[in-house]
Amino acid sequence: MTATEPAPDLERATLDKAAGENFPVAPFFLPRAWRDDLMAVYGFARLVDDIGDGDLAPGGGDARLLGVSPDEAEDRLVLLDAFETDLRRVFDGTPRHPLLRRLTPTVRRHALTPEPFLGLIAANRQDQLVTRYETYDDLLAYCELSANPVGRIVLAVTGTSTPERVRLSDAICTALQIVEHLQDVAEDLGRDRIYLPAQDMKRFHVRESDLAARTAGASVRALVAYEAQRARDLLNEGAPLVGSVHGRLKLLLAGFVAGGRAAIRAITAAEFDVLPGPPKPGTLQLLREVGVILRGEG
């Protein structure tokens, strides 16, 4: 990419990744204003994850937009610091990056606060410094930064936030994060990250070298099944959130829960062997799960 290439190309490249998520980001049935707001939030969350994972578009365009010099364009912590500086301009000025400019009207329209956005940046900083989690509680603390802020922003954007809904949303978001970790065990290991708690690995006699195999042995499968059940329990705990709202928001939240459940079903169908690649649910399975949730059967 050249210095003169238009920034919207970078913006579109990030937003287009929404199609690959486990859950619908801004589905067609929502009011246009909500879709625009949710895509703006997604663009922020996706970009900060791409910075943390080293998955930015080649050419250094994002770094230039954030004012990072070419010799530091590969330094993720520098990029995250620059991104945080630009995020703060959303609240008191004009940000540089087009995805943050897209976010600005959403923040102002709904009087959103910096905290959940800063949490997502903090989670990606943590990813640069912490690559193993000793206990499940340690992992939950990470999810408090990496996942739960997204659900809280969705509730704020839709004007439905209450303390109880936040609690239920946190359970759903943490579950979705755990499911993603299970799908991406091999990919994360390639980045020298393991999100399976070390205590659980010891309990199931799983060594790090076992996670590098082409297919999972019995111990790894048992561990993945155990963590998948934890995620399923969290989804069940949070599912009453769907019934607490009405209309199109109810359908959106059902889609989030259904996405997690369908992904767990895909992992189960793969007999918990996640090492060859992430088991992904099909559209039909997702729709079936949505139907079950809306009928109040699950």
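Residues numbered from 1 in each chain as written. Predicted model: local features only at pLDDT ≥ 70, side-chain atom pairs only at ≥ 80, totals over all residues. Heavy atoms only, no water.

## Considerations on empty space enclosed by the protein
Where we set the bar: Site definitions follow a grid-based scheme: protein atoms alone, a 1 Å grid, a 1.4 Å probe that fits but cannot get out for cavities, and for pockets an open set with protein on both sides within 12 Å along at least five of seven lines, plus lining residues having an atom within 4 Å of a point. Grid points are joined across faces, edges and corners, and a volume is the space filled by probe spheres set on the points. Under the DSSP-based scheme used, a helix requires at least four consecutive residues in state H or I and a strand at least two consecutive residues in state E, with every element numbered from the N terminus. Residue type decides the class: Asp, Glu, Lys and Arg count as charged, Ala, Val, Leu, Ile, Met, Phe, Trp, Tyr, Cys and Pro as nonpolar, and the leftover types, Gly among them, as polar.
What the rule picks out here adds up to 1 cavity of 30 Å³ or more. The computed volume of the largest cavity comes to approximately 90 Å³. Taken together, 13 residues line the largest cavity, and the ones lying closest to its centre are His181, Val185, Ile194, Tyr195 and Leu196. Secondary-structure elements contributing two or more residues to the lining of the largest cavity are helix H9 (163-183) and helix H10 (185-190). Partitioning the lining of the largest cavity into residue classes produces 9 nonpolar, 1 polar and 3 charged.

## Comments concerning the pattern of salt bridges
Note the cut-off: What makes a salt bridge here is a side-chain nitrogen of Lys or Arg within 4 Å of a carboxyl oxygen of Asp or Glu, nothing more.
The full count for this structure, using the stated rule, is 27 salt bridges. Among the salt bridges present, the one from arginine 193 reaches aspartate 127, with a minimum N-O distance of 3.8 Å. Remark: aspartate 127 occurs in helix H6 (residues 115-129) and arginine 193 occurs in the loop between H10 and helix H11 (198-203); sequence separation between them is 66 residues. Measuring nitrogen to oxygen at the nearest pair gives 2.8 Å for the salt bridge that ties glutamate 208 to arginine 132.

## With respect to helix H4 (residues 76-92)
Inclusion rule: One less than the number of residues in a helix, times 1.5 Å, gives the span that helix is expected to have. Pairs of N or O atoms within 3.5 Å make up the polar contacts considered here, provided that, within protein, one atom can donate a hydrogen while the other can accept it, and that residues adjacent in sequence are counted only when both atoms are side-chain atoms.
Helix length check: H4, at 17 residues, gives a terminal C-alpha distance of 25 Å against a target of 24 Å (1.5 Å per residue), a fit within 8%. For H4, the capping residue at the N-terminal end is aspartate 75, with a side-chain oxygen 3.1 Å from the backbone nitrogen of leucine 77.

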